[in-house]
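# Topology and contacts: notes
Residues per chain, in single letters:
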Amino acid sequence: MAKQLENFYGDVDAVEFYVGLIMEKRRANSVFGDSMVQIGAPYSVKGLMANPICSPKYWKPSTFGGEVGFNIVKSSSIRKLFCDNIKGKCPLVSFRVPDYVEGDVDQFLKQKLEL
């Protein structure tokens, strides 16, 4: 893919911003590269925090169409989200926030500066 892009654009600096974001080498065990994560993550969090549905005062049956809808929301999980939308046997589905390790940020910045 890199060779095809090089032939098409002629120079890495000619690649469009969006194409660069999508084609950037992915982080380990990730869907996106560092740029997409660094640019998108703050806006995602800001969007969640600004959304009224994230406020405790909106977590009531009337928000979700009554008790039935509210019970569906309360019983939802990442596992159900995946397994209800996959044909066949459901794979292992899990989610965890990685532990903070001292020096992670320094190591990341050093790698970015070396690029």
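Here is a short report on the structure shown in this document. (Residues numbered from 1 in each chain as written. Predicted model: local features only at pLDDT ≥ 70, side-chain atom pairs only at ≥ 80, totals over all residues. Heavy atoms only, no water.)

### Side note on the pattern of salt bridges
Operational definition: Salt bridge, as used here, is a side-chain nitrogen of Lys or Arg placed within 4 Å of a carboxyl oxygen of Asp or Glu. Accessibility here uses a 1.4 Å probe with only protein chains present; expressed as a share of the type maximum, an area under 20% marks a residue as buried, one over 50% as exposed, and anything in between as partly exposed.
Evaluated as defined, the whole model comprises one salt bridge. In this structure, R27 engages D34 in a salt bridge whose closest nitrogen and oxygen atoms are separated by 2.7 Å. Look at R27 and you get partly exposed, because its relative accessible area is 31%.

### What about the state of the cysteines?
The test is simple: For the purposes of this analysis, a disulfide is any pair of cysteine sulfur atoms at a distance within 2.5 Å.
Using the criterion set out here, one finds one disulfide in the structure. A disulfide bridge connects C83 with C90, and the sulfur atoms are separated by 1.5 Å. Negative torsions about the S-S bond denote left-handed disulfides, and the value of about -45° found for C83 with C90 makes this one left-handed.

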